[in-house]
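Read off the chains here:
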Amino acid sequence: MHQEDNLNTRFQPLNDLPTEAIFSVDDDVLVPCDTLKLAFTVWLSARDNMVGFVPRMHWSHGEESALQKYTYGGWWSVWWTGTYSMVLSKCALFHMKYLDIYTNHMPAQIRDYVTSKRNCEDIAMSFLVANITRAPPIWVKGKIFEIGSSGISSLSGHSKHRSACLNAFADIYGHMPLIPSNLKAVDARTAWIW
C-alpha cells in the first residue's frame with residue numbers, strides 16, 4: 001500500500017526483488033497463465049524492451065520539426081493499421097531497472113505532469129523505455145480479460161488528454177522517442193495463420 005494517491009507510485013522501485021522481470025497489471029485485468037508465460041518467454045528474448053498486450057500508437061502531424069504535433073491513437077487505430085508504438089503498462093512486462101530510472105532519473109517534469117493530470121504514467125514509461133532502447137515495444141497476441149467497465153479511458157476527452165501528454169513529453173525529451181512497429185509475437189503452436 002502506498003501512502004500517496006499518485007499514479008507515479010505504480011513505478012516506485014521495489015526492494016529485494018528476486019527477479020529482473022516486472023509484470024505490471026491493472027487490478028481489473030485477468031491474464032491466463034499460458035498467456036503470461038508466452039509474454040514472459042518473449043520478454044526473455046528482449047529484456048530491455050517493454051512486452052505487452054495493449055498496443056497504442058502515436059500519430060505525427062506535419063513535417064519533422066520543433067512544431068511537430070502528435071495525436072494519440074487508441075485500439076481502433078492499431079487494429080485498422082496494424083501499427084503501434086506503445087504497449088500500455090496495464091498489462092506489460094519490463095525490466096526492473098526501469099522502476100528506478102522512472103522514479104529517480106526520468107525528468108521530474110514528466111512525473112509532475114502525471115501527478116497534476118492524474119493520467120499518462122503508462123505513456124511516460126513507454127517514452128522512458130523507448131528513449132533508452134531506441135527500439136519499439138513488442139506486442140504479444142494473447143487472451144486477456146478486462147473486467148472493469150469504467151476508468152480513466154472511459155472519461156470524456158480521453159484521447160485529447162492523451163494527445164496532450166504525448167506532446168508535453170516529446171517537448172520535455174526534446175524529441176519523439178517512440179518508434180512504430182508492425183510486429184506481433186504470436187504462439188505459432190496455436191495460430192492457424194501466422
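This text follows the structure it describes.
Since the model is a prediction, treat every value here as computed from it, not as a measurement.

In this structure the tally under the stated criterion is one disulfide. Bridging C120 to C165, the disulfide has an S-S length of 1.8 Å. Taking the torsion about the sulfur-sulfur bond, which here is approximately 80°, the covalent link between C120 and C165 counts as right-handed. Pair noted here: C120 is in the loop between α4 (108-117) and α5 (121-133) and C165 is in helix α6 (residues 158-173), with a separation of 45 residues, a long-range link. C165 sits in the buried class, given a relative accessible area of 2%. There is no disulfide at C33, and the cysteine sulfur nearest it, in C91, is 12 Å away.

What follows covers unusual backbone geometry. Residue C120 is not a glycine yet carries a positive backbone phi of 80°. Despite not being glycine, R134 has its phi angle at roughly 55°, a positive value. One can find R134 in the loop between α5 and β8 (138-140).

Pairs can form between side chains of opposite charge whenever their charged atoms are close. One pass over the structure, following the stated rule, counts eight salt bridges. A salt bridge links D5 to R118; the shortest N-O distance between them is 3.3 Å. Taken as a pair, D5 in the segment before β1 (21-25) and R118 in the loop between α4 and α5 lie far apart in primary sequence, 113 residues in all. R162 serves as the salt-bridge partner of D122, at 2.8 Å between the closest nitrogen and oxygen. Remark: R162 occurs in helix α6 and D122 occurs in helix α5; sequence separation between them is 40 residues. By the burial criterion, D122 is buried, and R162 matches it. Among the charged side chains, a network of salt bridges with common partners joins R10, D26 and E121.

With that settled, the discussion passes to the environment of P136. With respect to the helices and strands, the residue P136 is situated in the loop between α5 and β8. The residues contacting P136, other than those within four sequence positions of it, are N49, I179, P180 and S181.

With five of five residues buried, strand β7 (residues 91-95) is to be regarded as a mostly interior element. Of the two faces of β7, the one holding C91, L93 and H95 and the one holding A92 and F94 are both buried throughout. Here β1 runs beside β7; their pairing, made up of five bridges, is antiparallel. Bridge pairing links A21 to H95 in β7.

This part takes up the sheet that holds strand β6 (residues 86-87). Overall, antiparallel pairing links the three strands, which are arranged β5-β4-β6 in an open sheet. Whereas interior strands pair on both sides, the edge strands pair on one side only; in this sheet they are β5 (69-73) and β6. Where strand β4 (residues 55-61) meets β6, two bridges bridge the pair, whose relative direction is antiparallel. Across the sheet, R56 pairs through a bridge with M86, a residue of β6. Across the sheet, α6 touches β4, β5 and β6, and the angle it forms with β5 is around 135°.

What counts as what
Per-chain numbering applies: the sequence of each chain, read as written, is numbered from 1 onward. The predicted origin of the model limits local features to residues at a pLDDT of at least 70 and limits the giving and counting of side-chain atom pairs to 80 or more, whereas totals for whole chains, interfaces and linings rest on all residues. Working from all heavy atoms in the structure, the side-chain values ignore hydrogens and water. By disulfide we mean two sulfur atoms from cysteines, separated by a distance within 2.5 Å. Only DSSP runs of H or I reaching four residues or more are called helices, and only runs of E reaching two or more are called strands; each is numbered from the N terminus. Exposed residues in this analysis have more than 50% of their type's maximum accessible area, buried residues have under 20%, and partly exposed residues fall in between, with area computed by a 1.4 Å probe over protein chains only. For this document, the term salt bridge refers to a Lys or Arg side-chain nitrogen within 4 Å of an Asp or Glu carboxyl oxygen. The contact criterion used throughout is that any non-hydrogen atoms of two residues lie within 4.5 Å. Only strands joined by at least two bridges in the DSSP assignment are considered to pair. Between the N-to-C directions of two axes lies an angle of 0 to 180 degrees, each axis being a line fitted to C-alpha atoms and, for a helix, fitted only over the stretch in contact.

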